[in-house]
Every structure is written in structure tokens, then in C-alpha cells.
Amino acid sequence: MSEALRFEILGPQRAWYADRPLDLGPGKQRAVLAVLLLAAGRPVPTGQIVDAVWPEEPPANGPNVVQKYVAGLRRVLEPDRSPRTPAQVLTLTDAGYVLRIPPEAVDAVRFERGVRRARQWQAAGRTEDALAEVTGALERWQGEPFTGFTGAYFDAARHRLVELRAVALETRAELELASGRHGELVGRLVELVAEFPVRERLRHQLMLALHRGGRQAEALAAYRDFADLLREEYGIEPGEALQDLHRRILRSDPSLTLPAPPASPASPAPLAPSGPQELSGTQPLSAPPAPTPVPAPRAGSTPDGTGVPDASTSAEPEAAAVQLAPGFRPSATGTAPAPAATGPAEVSAATGPAAAPTPAPDVPGSAPAASPVPPASPVPPATPVPPVPPGWSAGPAGPLTPVPHALLVAMNQPAAPADRRAPGWARLAATLAGTATVLVSFGSLTWAVVLGYALWRRSWRLALAGIGYFLLVLSVFVLAVSSPETEEISDGEALYLIVAMGACWLLGTAHVVLLNPTLWAAVGGLFWTGRQRTDEQRRLRREQARYLLHHYPAARVDLRIGRPDLLRTYDDGGLVDVNAVPDPVLATLPGLTVDQRRQVAVDRWLRGPYGSLEELAGRCHLPPAATETLRDVLLFLPPEPPPVRHS
């Protein structure tokens, strides 16, 4: 019976037995079924069902009400069962009610598995297969799930599924870009950007699609609109990956164009960087296959077409092992980072039959040189994978190389400030001109200056402020004109004139000065407490540690990132690898109750490691507020493989 049942929750909730639709009954009965479908095959306690279905006012006899709805569901799901025959689909155990159906009977499970397979095939270089898989998974989406159901339980489940859909949409756009379909992709990306306005990866893909379609000005305008949105709404700048793409579009970087078609199977092909590997843990951080000999590149070019010189041709030993990424470049002393104009970071090593292993220098923080290993059987060349936007690519194109000490010192320094859209002298000139206009006009032209800034930044908030200044000036003018010359104005009118003009003059001057982003950041820094400064430094440490994990997977072992339970010298800002740390560390996770922390530990022990924050929230039924707190500190790395022993 259960094999013939099918359920849909990605949109309107529906169910079928074979090809016959089922009437699921009233709303509360549907909600009980939705809770059971989210935990298909696992027992759900009655109290949990009551809390999920009646979050505000649970009924006094909650277990009896749940039992009534379960009986109604049994009649719907097993219409041919006699009343005295035990139920087979929806049963009651000591741990709660269990909906005994195959996981594939729920469209949300098929959707998640399809997205996971697409990402695996993308990492393996099977672009067309991955594109077909993710497209088929997205076709299962019929609308927002759990419409009409309220409460933290359904909000968390809805948020997880919507987030997974956004990831699937980004993955499909990335695969279509790699397949050269940027022309037909632009319109769909514009719609997605409107639906998800603050997802930076979609903005990145839109800019790249516009640039590849010969619409460079529109790509730059898309960046400007996004940067203005972030500044006005959140007071932040776009991420480093998007800023790097903006700079490369400005200089018409040839590496942004589509790569050349791959060589024939008979000819040796160089190893390309692996597919996108997010810190959610969906792709393993394992050592890649042994590299094949790579032909010597031409001057000014590289085998992978990124325009970054091959490290194997460098004259310096340390530069031959690692090339720094944008935003981190050792200074003359080798200890401080500075903005670099190079492309994405890559790890490369000298390859070829003549390359002999050289002992690594005795540097603190680096891994000892590995002992010689007998040659393995020949490995066929890996299929080149389409390039991924900088900032989301991961995995070096060669063997895992220990991280150099100079790079570790640089990564422990604060990040360099991001470039602004307008040069500093232009912002300073605009601030001086606007301030002078307000002072000379005694505040009567403050509204014009603020409205000018509103038009420049496309900010409706500044437009409202400018209108407010204009109304104050207008009211003063009307009051002055309407008062007879023979009569003296009252004390109340005089006080209003002084306050109104003072607000337009003095407050307007301060407002125009603080519209300069540099001055605003400086003033805001004066009011930061020591705790806020410490939190900001720890946030930067976490970003740098994630960068290391992306580009230098060996740092996971060498630096013990995400392992606060181990002795180490590298500060990762408090990251926690939820799949590797022991239970006492899980008991210190922020934003969770004691029961929720215990649930995380027990679920990990019973069902294995977590692949993403969404999977953690779904398996442990965490509310959205708790998952947002954990998003900044958790890592989801796959378990480390056991060490290989050579006989």
C-alpha cells in the first residue's frame, strides 16, 4: 500500500494512491500529515505534533485531538483496511507516530536528492548531466510549501526548502553559464534577482552573463545597483568575489570569456580546478587525483586560461607552492596583506616525470614533508570542469600543499578595506560642495543637496529626508509671508522659526557631512564598544579561515580549523566543524537550548554527519532564529578519510 502512495508538499499539499487523488481532509488534519511527511519513516512524538500544529493555543486535550486526526488520515491513506485490522502506513510506536512510506514518495525528498546529484555531477565535470538533473529537480517545485500553516515549525521547514531552491537555481545558472547559454539566461536571472535581491551569487551570475553577451555597461550598472542597495539598507559593501568581478569587467579581463573547447581524449589535458565546493559540506575535501604532466604555458598565459602565472615556473620556492588570492598579498616584510591585482588563488606544484620531491623548510605551522611513496598506477586525465566564479571555487589543481608560514602570518592580519565605487577625492569634493551650500544658504538649500544625494544613490530614504527639509523651509517662508508687517510675531512663531531654520542649517550640515561613507564609518567607529570591535575581528578571522579551507584544503589538518577541542596556534575566529568536534563542544553552540544541543549530538550519532545548515535544521527541527545564529560559526566538512598505510 505504502509503495503506491505519492505526496507533494512543494506547493499545494496533495496526495495520490496510484493515479487516484486523495482527499486529505480539513486544514488541521493536513497539518498533522505535513508534520509526519517531514519526518517520514521516523517517529514523531505527540507533543511535537501538538506544538507544530497549534503553536499559539494548543488544545487542552492535545493528544486526543491528534489521535482523532490520525484516525482520519488512516481512513484516507488505507481506504480498504477494515476497522479492526492494524494500520500499516500510519502506526503508533513508543516514540510516537510513524508514517511508513519510502522517502521517495515525498516530492521534497526527490527534489533534495536531485539537487545533490546535480552538484556531484557538476563537481565531476558532467555539465550536461548536472544541468538536466537540476532542471528536473526544479520542475518539481509548484509553489511555496506549507501555505496556510503557521508557527515556528513550518516556518523553519519552509525556509529550508526555499533556501535549497535558491541554491538549485544558482547551480542551474552556473551550469548554463558554463555551457555558453548566457544569452538566454539574462532574462531569467533578472527575475531571480528581483525574487532574491540580496543573494550575491545571483548578482555575480547576472553580471557575468551580461558581460559575456557584450553588455558591459549593463553589467557595471547591475553592480552599482546592488552596491547601493547594500549600502542603503544594510550599511555594508558587496563581497570580495563580486568586487573582484567588477574590477575584471572594468579592465575587460579576457579570462571572463568562455573557455576554449576541451581537447580530444587522445591528447593529454591539464587538470582543471574542481567544481564548486561550498563550506556546507556537500563536496568532500579530499585529495584530488594525481596530476598529469602539463605542457609549458606560453608567456602571459596559463593552461587553465585564468591569466594567473603557473606557480611551477616561478623562481622562488615559496611562490612555486602557493599564489595568493585577491585581497591578500605579502608586503615587503612578508607579514601584512595588501590588495593584489591577481586572479583567484591557486595551489600548484611542479609536475612531470623529472620533478623530484624537495624537503620542505622547517617552518612553524607547516606540515612535515611526506615520505616518498611508491608510484601508483596511471590515472586517466580528469575531465576539465567549467570555471566557477571567484570566491566560490575550491580545491587546488594539484596535490595538497602545506600552507606557507608567510601566508599564515598574512591571513592572521586584518583584511584590507574594500574599494569604493567612487574615488575618494570625488566623495570628498561632493561633501565639501554640499556642506558649503548648506552653510552659505543658512539651511535654505539643504533640501536640494539631500535630494541630489538621493538621486545619485537612488535612495528613497534620502528622498524622504530631502522632502522633509523642503517642507520645513516652505513652512518658514509661508509663516514669514503671511505675517503682517505691522504686527510682531508671537513667541511661539519665533521659536518655531528658530528651530526650523536651525534644523535645516546645523542638522543639515551634519547630515551632509555624514553622507560621506568614510566619515560615517569613522564616526560610527567612535561609538563601538570593545566587545563590538572584538566581534568584528573574530568575524574577519572566520572569513579568512573559510578562505583557507576553500583554496588550501590541507589547512584543515595543518591548522585544525574548526576544532576548538584541539591544541593549535591559528585563530579561526571560533569556527566549529559540527561533524568533527566532540559532544562537549556541541554543548557550547550559541543560540540553542540545552535540549536542542543534545538533539544535534544524538542525531549526528544516529544518522551520520550533516551536509549543510539546512539539513541540520531539518533533521533537528531548529527554528530559523537559531539557524541564523549558527550560520556564521558552523562548518560542515565531511569526515576525514582514514590515513592510507603503505606496506
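Let me sum up the structure you'll find in this document. Just so we're clear, the structure is a prediction, and the values are computed from it rather than from any experiment. (Residues numbered from 1 in each chain as written. Predicted model: local features only at pLDDT ≥ 70, side-chain atom pairs only at ≥ 80, totals over all residues. Heavy atoms only, no water.)

### Overview of the sheet that holds strand E2 (residues 14-17)
Right, so step 1: In space, the three strands of this open sheet follow the order E1-E2-E3, with antiparallel pairing throughout. Each end of this open sheet is capped by a strand with a single partner; those strands are strand E1 (5-8) and strand E3 (20-21).
Right, so step 2: Where E2 lies against E3, two bridges are found, and the strand directions are antiparallel. Counted as the bridge partner of Trp 16 is Pro 21 from E3. (Pairing = 2+ DSSP bridges. Helix = DSSP H or I, 4+ residues; strand = E, 2+ residues; numbered from the N terminus.)

### Description of the packing of aromatic side chains
Right, so step 1: Per the counting criterion, the structure on display carries eight aromatic pairs.
Right, so step 2: Plain terms: the ring middles of Trp 447 and Phe 470 are 5.0 Å apart, the flat faces sit at 70 degrees to each other, and that makes the pair edge-to-face. Linking Trp 447 in helix H14 (residues 446-457) with Phe 470 in helix H15 (residues 460-482), this pair joins segments that are 23 residues apart in sequence.
Right, so step 3: For Trp 447, a relative accessible area of 25% puts it in the partly exposed group.
Right, so step 4: The exposure class of Phe 470 is partly exposed, given its relative accessible area of 35%.
Right, so step 5: Ring plane angle 45 degrees and centroid distance 5.9 Å describe the contact between Tyr 453 and Trp 456, whose orientation is recorded as tilted. Of this pair, Tyr 453 and Trp 456 both sit in helix H14, three residues apart, roughly one helical turn.
Right, so step 6: An aromatic cluster is defined as three or more aromatic residues linked by ring pairs; in this entry it consists of Phe 146, Phe 149, Tyr 153 and Phe 154. (Phe/Tyr/Trp six-rings, centres within 6.5 Å; stacked < 30°, edge-to-face > 60°. Buried < 20%, exposed > 50% of the residue type's maximum accessible area, 1.4 Å probe, protein only.)

### Digging into helix H1 (residues 27-38)
Residues spaced three or four apart along an α-helix point in a common direction, a consequence of the helix completing one turn every 3.6 residues.
Right, so step 1: Between its terminal C-alpha atoms H1 stretches 17 Å, which fits the 16 Å expected from twelve residues at 1.5 Å a residue.
Right, so step 2: Burial of H1 is extensive: nine of the twelve residues sit out of reach of the surface.
Right, so step 3: Considered for burial, the residues of H1 that qualify are Gln 29, Ala 31, Val 32, Leu 33, Ala 34, Val 35, Leu 36, Leu 37 and Leu 38.
Right, so step 4: On its buried face, H1 is in contact with E1, helix H2 (46-53), helix H3 (62-77), strand E4 (90-93), strand E5 (96-99) and helix H6 (152-178). (Expected span 1.5 Å × (residues − 1). Contact = heavy atoms within 4.5 Å.)

### Things to note about the nonpolar core
Right, so step 1: Core analysis: the biggest nonpolar cluster contains 81 residues, and Phe 7, Leu 36, Ile 49, Leu 99, Ile 101, Phe 111 and Phe 146 have the highest contact counts within it.
Right, so step 2: With eleven residues, the top contributor of residues to this core is H6.
Right, so step 3: Counting residues in hydrophobic clusters, the runner-up holds 20 residues, among them Val 578, Val 581, Ala 601 and Ala 617. (Core = buried A, V, L, I, M, F, W, Y, C linked by side-chain atoms within 4.5 Å.)

### Quick look at the pairing of E2
Walk down a regular strand and you will see the side chains alternate between the two sheet faces.
Right, so step 1: Sheet topology places E1 next to E2; four bridges connect them, and they run antiparallel. Each bridged residue has a counterpart across the sheet, and for Glu 8 the counterpart in E2 is Arg 14.
Right, so step 2: Two successive antiparallel strands, E1 and E2, enclose a turn made up of five residues, where Gly 11 displays a positive phi of approximately 130 degrees.
Right, so step 3: Hairpin connection between E2 and E3: a loop of two residues separates the two successive antiparallel strands, and Ala 18 in this loop has a positive phi of roughly 60 degrees.

### Regarding the pattern of salt bridges
Right, so step 1: Considering all chains together, one arrives at 34 salt bridges under this definition.
Right, so step 2: The partner of Asp 253 in a salt bridge is Arg 248, and the shortest N-O contact between them spans 3.0 Å. The two residues Asp 253 and Arg 248 agree in class, both being buried.
Right, so step 3: The partner of Glu 615 in a salt bridge is Arg 619, and the shortest N-O contact between them spans 2.8 Å. Residue Glu 615 and its partner Arg 619 are located together in helix H22 (residues 613-620), separated by four residues, close to a single helical turn. (Salt bridge = Lys/Arg side-chain N within 4 Å of Asp/Glu carboxyl O.)

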